[in-house]
Amino acid sequence: MTAAATLRQIGADVRVYEQAPRFARIGAGIQMMPNSMKVLRRIGVEERVIHTSFKPFSHLNANGIPARS
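About the criteria used
- Residues numbered from 1 in each chain as written.
- Predicted model: local features only at pLDDT ≥ 70, side-chain atom pairs only at ≥ 80, totals over all residues.
- Heavy atoms only, no water.
- Helix = DSSP H or I, 4+ residues; strand = E, 2+ residues; numbered from the N terminus.
- Buried < 20%, exposed > 50% of the residue type's maximum accessible area, 1.4 Å probe, protein only.
- Salt bridge = Lys/Arg side-chain N within 4 Å of Asp/Glu carboxyl O.
- Contact = heavy atoms within 4.5 Å.

(A) Fine view of the overall build of the chain. Check the secondary structure of the chain and you find 3 helices and 0 strands. Starting at the N terminus, the α and β elements of the chain follow one another as α-α-α. Per-residue burial for the chain yields a buried fraction of 9% across its 69 residues.

Here's what the structure looks like:
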């Protein structure tokens with residue numbers, strides 16, 4: 001989606017296809033790190049992502065130990 005949004009900014013005709021038969025919650029999430037948010041800000045979609053996302057109070061790192069804020 002980021003590539004599609006960036007290509008559209010330069011005037012490319014972009015189409016994105018999804019192979020899933022329908023959209024549904026699957027219990028997974030996407031963690032956006034600071035550098036990825038900088039990219040989203042640069043292409044003009046950061047605010048939309050922020051308004052349609054969830055910011056957890058805490059998270060677990062790869063070894064299952066709670067991370068400190």
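The rest of the description comes next.
(B) Representation of the environment of Val 45. By the secondary structure assignment, Val 45 is in the loop between helix 2 (34–42) and helix 3 (46–51). When the C-alpha positions of Val 45 and Ala 5 are compared, they lie 8.4 Å apart, and in sequence the two are 40 residues distant.

(C) Looking closely at the pattern of salt bridges. Evaluated as defined, the whole model comprises 1 salt bridge. Here Glu 46 and Arg 41 are joined by a salt bridge, their closest N and O atoms 2.9 Å apart.

(D) Seen up close, the side chain of Glu 46. Checked against the element boundaries, Glu 46 lands in helix 3. When its relative accessible area of 13% is taken as the criterion, Glu 46 is described as buried. Contacts of Glu 46, omitting those with residues within four sequence positions, involve Met 37, Leu 40 and Arg 41.

Without other data, these values stay purely geometric and don't point to any function.
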